[in-house]
Amino acid sequence: MEKTIHGIAASSGIAIAKAYRLETPHLAAEKRTIADVEAEVARLEAAVAKAKEELEAIKQHALEKLGEDKAAIFAAHLLVLDDPELLNPIKEKIQTEQVNAEYALEETASFFISMFEGMDNEYMKERAADIRDVTKRVLAHLLGVTISNPSLISEEVVIIAEDLTPSDTAQLDRQYVKGFATDIGGRTSHSAIMARSLEIPAVVGTKAVTAEVKNGDIVVIDGLDGQVVINPSPERLAHYEEKRARYEAQKAEWAKLVDEPTVTADGVHVELAANIGTPDDVKGALANGAEGIGLYRTEFLYMGRSELPTEEEQVAAYQTVLEQMNGKPVVVRTLDIGGDKELPYLNLPKEMNPFLGFRAIRLCLEMQDMFRTQLRALLRASVHGNLKIMFPMIATLEEFRQAKAILLEEKEALLRQGVPVADGIEVGMMVEIPAAAVMADQFAKEVDFFSIGTNDLIQYTMAADRMNERVSYLYQPYNPAILRLISHVIDAAHREGKWVGMCGEMAGDPIAIPILLALGLDEFSMSATSILPARAQLKQLTKEEAARIKETVLSLGTAEEVVALIKQTFHIA
Ligand code: PEP
Ligand code: MG
């Protein structure tokens, strides 16, 4: 019987194949009393050593198939297995309580997992997932249970699992694994991110897929609309085969645009840039035709480690990005930590409202040593390409002036020491706080450019936490309040002869694109895989037709009315 399950579209495309259930083995660690505790500690150490050997092999596999930043996940897992703060308490538990290694391991790991999961912080939650993944592997060795090894799959399948750990995902071979669906997970979970970089269609967070699918069922994974169809009827199957063919044909069409500039049908050029988090992302940005980097989120350089990155490490990272972009513009955002991105090693006190708290430029202006190190690294790297620097979360003119003054001080100091620094580095700011948007005319006199951060601008304008799904209905990019703010920012900048980009998710949204073109946005920065579809869309649009709807859009009352008008005017399904 055909059945459809809904989930979250995590990676685009359509896959149709036989189901392969990736079973999570039941690893029960019963408590036993141990007489020879030293032998038990040795047994634990042997299991840890075997797990490390396996992880090394998986890391190598990931490095070859997925690139350095994905392999880094397994490097992090290996670090967990080297961490005395985890291993010593396990050994002590075996020794003092005379219990078996399995029990000591599971109890200790559970303690850390619940501690990290209890933190209101995505990053620490992921660390909990890492510990769970690693513990399972060691436990399996202790129990002599084989854990499933998806790299052994040798026929075309779609994987059905409760969840996929990063180590499972890294072992997937694109030749055989055509897609996957899971019960849990979200668009930003590690496995979803890896699926996108492998370009394997995926639907996550279905809640029910493992309860419904048996091994060998024919399954359709629709990663475009977030649906899983089990044992489709011949008609449904034909429908999806056609949808897949259409999507593949469309991708082939998009690929032809990779080296083309982004020009509308009436000859207006806009820049399509990529948002990146690490130097490894540059490859994907270029392969998808990015004309520049519109946002380099440098905070990832500071995360997943136990101390601040050194100036030298930072120079190396920035220089790599600038060199690979080979003269194309690279907008680097200075550290935006705080909110949902914490750095545990800064030991900052917990806040009631982290998104309204001590984050980004506020923190940098106070922790100036850290800020100055980053600015020096940027200035030193600047001679290797076309660098632009922007500051996040600017609320007041004083903040911008102070940040810029510190940058200039560091520049002068470097020049005095004879260190070369590029001339004319543009210095801009993110517009993501409503106060800055309202005061854009004042800021425009002092900045070289704006980049509108709609992810935050929307949450602050609508007073709706971007992480809270209960108020997600207020997360309305097309609300005329947001559109009027954006329009005001663009007009204010243009009056001063400055350019305006947008690096929030909205910039790559097909409904928003005609509006942003109408409002005069100069640069659209988005995730790499959105660039070619956006270029294809912009080539069909004319600036003239878009400009004609500008006043109407800004005079509408609701987001719904805006969407209806755009869909009708620009024939968007
Ligand atoms: C934004 O706020 O729109 C933005 C691009 O920054 P981040 O998502 O990193 O807060
Ligand atoms: Mg932001």
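Residues numbered from 1 in each chain as written. Chains lettered and ligands numbered in written order. Predicted model: local features only at pLDDT ≥ 70, side-chain atom pairs only at ≥ 80, totals over all residues. Heavy atoms only, no water.

**Re the coordination of the magnesium ion (ligand 2)**
Around a metal, the idealised angle for a tetrahedral arrangement of four donor atoms is 109.5 degrees; for an octahedral arrangement of six donor atoms it is 90 or 180 degrees.
Then comes step 1: Around the magnesium ion (ligand 2), the protein contributes the donor atoms Glu-432 (OE) and Asp-456 (OD), which lie 2.0 to 2.2 Å from the metal centre. Of this pair, Glu-432 sits in the loop between β13 (426-431) and α16 (434-438) while Asp-456 sits in helix α18 (residues 454-462), and the two are 24 residues apart along the sequence. The exposure classification of Glu-432 matches that of Asp-456, with both residues buried. (Donors = N, O, S within 2.8 Å, 3.2 Å for Na, K, Ca; no water. Helix = DSSP H or I, 4+ residues; strand = E, 2+ residues; numbered from the N terminus. Buried < 20%, exposed > 50% of the residue type's maximum accessible area, 1.4 Å probe, protein only.)

**Topic: the nonpolar core**
Then comes step 1: Core analysis: the biggest nonpolar cluster contains 143 residues, and Phe-391 and Phe-450 have the highest contact counts within it.
Then comes step 2: The contact partners of Phe-391, leaving out residues within four places of it in the chain, are Thr-334, Ile-361, Phe-371, Leu-375, Phe-400, Ala-403, Lys-404, Leu-407, Val-427, Gly-428, Met-429 and Met-430.
Then comes step 3: Core analysis: the second largest hydrophobic core is formed by 16 residues, Ala-10, Ile-159, Phe-180 and Leu-198 among them. (Core = buried A, V, L, I, M, F, W, Y, C linked by side-chain atoms within 4.5 Å. Contact = heavy atoms within 4.5 Å.)

**So, the packing of helix α22 (residues 543-555) against helix α23 (residues 559-570)**
Packed helices, taken two at a time, are described by the angle their axes make and the gap between the axes.
Then comes step 1: Two numbers describe how α22 lies on α23: the axes approach to 11 Å, and their chain directions differ by 160°. Classified by the interaxial angle, the pair formed by α22 and α23 is roughly antiparallel. Viewed along their axes, α22 and α23 form a crossing whose handedness is right-handed. Contacts between α22 and α23 involve Glu-545, Ala-546, Ile-549, Thr-552 and Val-553 from the former and Val-562, Leu-565, Ile-566, Thr-569 and Phe-570 from the latter.
Then comes step 2: A per-class count over the contact of α22 with α23 returns 7 nonpolar, 2 polar and 1 charged. (Axes fitted to C-alpha atoms, helices over the stretch in contact; angles between N-to-C directions. Parallel < 35°, antiparallel > 145°, perpendicular 65-115°, else oblique. Left-handed = near helix turned anticlockwise from the far one by under 90°. Nonpolar A, V, L, I, M, F, W, Y, C, P; charged D, E, K, R; others polar.)

**Notes on the sheet that holds strand β16 (residues 523-526)**
Then comes step 1: The strand order β9-β10-β11-β12-β13-β14-β15-β16 describes a closed barrel built from 8 strands, whose pairing is parallel. When strand polarity is set aside, the average angle formed by the axes of neighbouring strands in this sheet is 25°.
Then comes step 2: Bridge count for strand β14 (residues 449-452) against strand β15 (residues 499-502) is 4 bridges, and the pairing is parallel. Paired with Ser-451 across the strands is Gly-501, a residue of β15.
Then comes step 3: Packing of helix α12 (residues 311-325) onto the sheet brings it into contact with β9 (271-276), β10 (293-297), β11 (329-333) and β12 (386-391), and relative to β10 it is tilted by some 160°. (Pairing = 2+ DSSP bridges.)

**Comments concerning the site of ligand 1**
Then comes step 1: Close contacts around ligand 1 come from 14 residues, with Arg-297, Arg-333, Gly-453, Asn-455 and Arg-466 the closest.
Then comes step 2: A distance of 3.3 Å is found between an oxygen atom of ligand 1 and a backbone nitrogen or oxygen belonging to Gly-453.
Then comes step 3: Burial of ligand 1 by the protein amounts to 99% of the accessible area it has alone, namely 290 Å².
Then comes step 4: Listed by contribution, the elements that provide at least two residues to the shell around ligand 1 are β10 and α18.
Then comes step 5: When its residues are assigned to classes, the shell around ligand 1 shows 3 nonpolar, 4 polar and 7 charged. (Near = heavy atom within 4 Å. Polar contact = N/O pair within 3.5 Å; in protein donor to acceptor, adjacent residues only side chain to side chain. Areas by Shrake-Rupley, 256 points an atom, 1.4 Å probe, with all protein chains shown as cover.)

**A short note on empty space enclosed by the protein**
Then comes step 1: Per the stated rule, a full pass over the model turns up 1 cavity of 30 Å³ or more.
Then comes step 2: When its volume is computed, the largest cavity comes out at roughly 40 Å³.
Then comes step 3: Lining the largest cavity, in full, are Leu-81, Leu-86, Leu-87, Ile-90, Leu-105, Val-134, Thr-135 and Val-138.
Then comes step 4: Residues belonging to the lining of the largest cavity are distributed by class as follows: 7 nonpolar, 1 polar and no charged. (1 Å grid on protein atoms, 1.4 Å probe; cavity = no way out; pocket = protein on both sides within 12 Å on 5 of 7 lines; lining within 4 Å. Points joined across faces, edges and corners; volume = space filled by probe spheres on them.)

**Quick notes on the pattern of salt bridges**
Two side chains with opposite charge may pair up if their charged atoms get near one another.
Then comes step 1: With the rule as written, the count across this model stands at 33 salt bridges.
Then comes step 2: Between Glu-410 and Arg-376 there is a salt bridge, and its shortest N-O distance comes to 3.2 Å. Of this pair, Glu-410 sits in helix α15 (residues 397-416) while Arg-376 sits in helix α14 (residues 368-381), placing them 34 residues apart in sequence.
Then comes step 3: When its relative accessible area of 22% is taken as the criterion, Arg-376 is described as partly exposed. (Salt bridge = Lys/Arg side-chain N within 4 Å of Asp/Glu carboxyl O.)

**Some remarks on the environment of Asn-468**
Then comes step 1: Tracing the backbone shows Asn-468 in the loop between α18 and α19 (480-495).
Then comes step 2: Classification of Asn-468 by relative accessible area gives partly exposed; the value is 30%.
Then comes step 3: Along the chain, Asn-468 and Arg-484 lie 16 residues apart, while their C-alpha atoms are 25 Å from each other.

**Overview of α14**
Then comes step 1: If you check α14, its first and last C-alpha atoms are 20 Å apart, about what 14 residues at 1.5 Å a residue would give, namely 20 Å.
Then comes step 2: The element α14 is extensively covered by neighbouring structure, given that 10 of its 14 residues are classed as buried.
Then comes step 3: Here α14 has its buried residues at Met-370, Phe-371, Arg-372, Thr-373, Gln-374, Leu-375, Ala-377, Leu-378, Leu-379 and Ala-381.
Then comes step 4: Lining the buried residues of α14 we find α11 (299-302), α12, β11, α13 (360-366), β12 and α15. (Expected span 1.5 Å × (residues − 1).)

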